[in-house]
Amino acid sequence: FMNNNFFVNPFCNNDDYISLFACGYGLGVSNKTKTVQIRNEYILHYVEKGKGYFETGGKSYAVSAGDVFAIYPGEKICYYADTKTPWTNGWINFVGKGAGELLTRTGITKASTILSVKSEKLINTLMHCLKYVNSGSYIQTRLSAYVLEFLSLIEEKNKHFDTLSKREKYVSSAISYMEYYFSDGISASDVSNYLG
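Let us look at the structure shown here. (Residues numbered from 1 in each chain as written. Predicted model: local features only at pLDDT ≥ 70, side-chain atom pairs only at ≥ 80, totals over all residues. Heavy atoms only, no water.)

A few points about the overall build of the protein
When helices and strands are tallied, the protein shows 5 helices and 11 strands. Considering the protein as a whole, with its 196 residues, one finds that 39% of them fall into the buried category. Here the contacts in the protein between residues at least 6 apart in sequence split such that 74% fall between residues at least 24 apart. Of the accessible surface of the protein, which amounts to about 11300 Å², a share of 52% is contributed by carbon and sulfur atoms. (Helix = DSSP H or I, 4+ residues; strand = E, 2+ residues; numbered from the N terminus. Buried < 20%, exposed > 50% of the residue type's maximum accessible area, 1.4 Å probe, protein only. Contact = heavy atoms within 4.5 Å. Areas by Shrake-Rupley, 256 points an atom, 1.4 Å probe, with all protein chains shown as cover.)

What follows is the structure, given as structure tokens:
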């Protein structure tokens, strides 16, 4: 199913490492009935303008322009736009064997499902994805790339989520270098030069 502002991928594959399930963009409508849902995929919403509310795990959260919030598979959730200042937001739904790991890399967790990122590039990514699928011909690898781009933009904006110390980065880089060039007969000075 697709229209100019919403797309559901009929060929989404849970067995892929990452696969786009759906994406969309639009002005949210206030939902006074507060419909509770349980979704089978991960969902990231980015609030471009306005405000809204998100309920999960017995807690209610207010979100506003610049916030990203996550919905996890199997959880009871409810989200809706503010009645006075309804949000304009974009969303991307995804599945796959690596989906949870990739989401964790952004700094978003079940304990901290909201992150302020303020990035117009997130909406641009969604708009490019919608334009791409509305062109009439699309491939799954490109759709997965849009999910990865969306996730990477959040990860880049969340720079404080850097769990490796400087020492750990050097060690990791050294190991990767040695594994890659092992068969070339490298020396300790080669590794040292590579690391600077």
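What to know about the sheet that holds strand β9 (residues 76–81)
Ordered in space as β4-β9-β6-β7, the 4 strands form an open sheet in which the pairing is antiparallel. Strands at the two margins of the open sheet, each flanked by one partner only, are β4 (37–38) and β7 (59–64). Strand direction decides the pairing type here: strand β6 (residues 51–56) and β7, joined by 6 bridges, are antiparallel. Bridging across to β7, Lys51 finds its partner in Ser64. (Pairing = 2+ DSSP bridges.)

Considerations on helix α2 (residues 120–134)
Owing to its 3.6 residues per turn, the α-helix brings residues three or four apart onto one side. Compared with the 21 Å implied by 1.5 Å per residue over 15 residues, the 21 Å span of α2 between its first and last C-alpha is a close match. Of all the residues in α2, the buried ones are Leu122, Ile123, Thr125, Leu126, Cys129, Leu130, Tyr132 and Val133. (Expected span 1.5 Å × (residues − 1).)

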